[in-house]
Amino acid sequence: MSEIAPKRANRAKFHAARDQQNAQLPRKRFYRQRAHANPFSDHTLEYPASPSDMDWAKHYPGYVAEPTADETNSSRPRPLKQDVEIVDIGCGYGGLLVALSPILPNNLMLGLEIRSQVTAFVQERIYALRKQHGDGAYQNAACIRANSMKFLPNFFTKAQLSKIFICFPDPHFKARKHKARIVSTTLNSEYAFVLRPGGVVYTITDVEALHEWMVEHFDAHPAFERVPEDEAENDPCVAIMRAETEEGKKVARNNGLKFVALFRRREDPPW
């Protein structure tokens, strides 16, 4: 029998107990998975053909708009009262989402995670927090399984996002693996497409060489300018990004360094 079957059985018992009592936070031992996934593999993923086809209602039930007469009889997804505008790429176990949700209660935020078990953990974590706190708490946070390197424009329209977080991404140390890094010339153009002018990309890593790589590639892109360090240090999201992600806590326990850089989306130039 594979390792997955006992995991699923234990998780089913946990879910049954959770539904009978007050929602319990999920336990990581039921959701263990490899630290990284190959973004070029043909994962079994669901994604919309275009942003207008995405059904956000099941992820943000507290923000579903009242349907109009035409929408009631339509097969289109139910619209939300507002758009998702904050994205955590490679959100891991959801530490940043959970910390940002009460700090930015009026913004819808989404974690994108390619690993299926980790995605399930974050979804259960948010579900439990919603049940525990009530009063609309954590309704603005959600997580879906997605490959950001391939399908970002399938989920978000041009200039929809105000913030993108890239926290402790896989460094892919070997030169032949650099094409798998989440920051590159091509991917930066996609970030520029979905970010509104003035929007910010937040990056953090404990690998100095990767930090230099990300700075070099964003600096070279005409759509971005680096946010001055003093301004970045005064951004409350930076303190949360440093302290609340699982990797950030691990680096702190090991007395490691954290390298932070923010990049602002420029206004589109006149053509």
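Bear in mind that the values here come from a model prediction, so they are computed numbers and not experimental data.

We now examine the UniProt feature "active site" (unreviewed entry) in the chain. UniProt marks Asp170 with the feature "active site" (unreviewed entry), using the numbering shown here. You can see aspartate 170 is positioned in the loop between β4 (161-167) and α6 (185-194).

Once that is clear, we can look at the pairing of strand β2 (residues 108-113). Buried residues dominate β2, accounting for six of its six residues. In β2, alternate side chains face the same way, and those of Leu108, Leu110 and Leu112 on one face and Met109, Gly111 and Glu113 on the other are all buried. Bridging between strand β1 (residues 84-89) and β2 involves five bridges; their strand directions are parallel. Looking at the pairing, aspartate 88 lines up with glycine 111 of β2. Once you follow β1 into helix α3 (residues 95-103) and on to β2, the crossover reads as right-handed. Where β2 meets strand β3 (residues 141-145), five bridges bridge the pair, whose relative direction is parallel. Considered in β3, the bridge of glycine 111 is made with cysteine 143. In this region the chain leaves β2, passes through helix α4 (residues 116-133) and returns to the parallel neighbour β3; the handedness of that crossover is right-handed.

Let's shift gears to the packing of helix α5 (residues 148-155) against α6. It is at 10 Å that the axes of α5 and α6 come closest, and there the two elements cross at 20°. Regarding the angle of α5 to α6, the classification is roughly parallel. Handedness of the α5/α6 crossing: left-handed. Only Leu187, Glu190, Tyr191 and Val194 of α6 make contact with α5, whose side of the interface consists of Ser148, Met149, Leu152 and Pro153. Class assignment for the residues of the contact of α5 with α6 results in six nonpolar, one polar and one charged.

Quick look at the UniProt feature "binding site: S-adenosyl-L-methionine" (unreviewed entry) in the chain now. With numbering aligned to this structure, UniProt lists the feature "binding site: S-adenosyl-L-methionine" (unreviewed entry) at Gly90, Glu113, Ile114, Asn147, Ser148, Cys167, Thr245, Glu246 and Glu247. Counting through the fold element by element, isoleucine 114 comes out in the loop between β2 and α4. One polar contact links glutamate 246 to arginine 125, side chain to side chain, over a distance of 3.2 Å.

Conventions we followed
Residues numbered from 1 in each chain as written. Predicted model: local features only at pLDDT ≥ 70, side-chain atom pairs only at ≥ 80, totals over all residues. Heavy atoms only, no water. UniProt positions renumbered as here; feature names shortened; annotations may be inferred. Helix = DSSP H or I, 4+ residues; strand = E, 2+ residues; numbered from the N terminus. Buried < 20%, exposed > 50% of the residue type's maximum accessible area, 1.4 Å probe, protein only. Pairing = 2+ DSSP bridges. Right-handed = clockwise from strand over helix to strand, strands pointing away. Axes fitted to C-alpha atoms, helices over the stretch in contact; angles between N-to-C directions. Parallel < 35°, antiparallel > 145°, perpendicular 65-115°, else oblique. Left-handed = near helix turned anticlockwise from the far one by under 90°. Contact = heavy atoms within 4.5 Å. Nonpolar A, V, L, I, M, F, W, Y, C, P; charged D, E, K, R; others polar. Polar contact = N/O pair within 3.5 Å; in protein donor to acceptor, adjacent residues only side chain to side chain.

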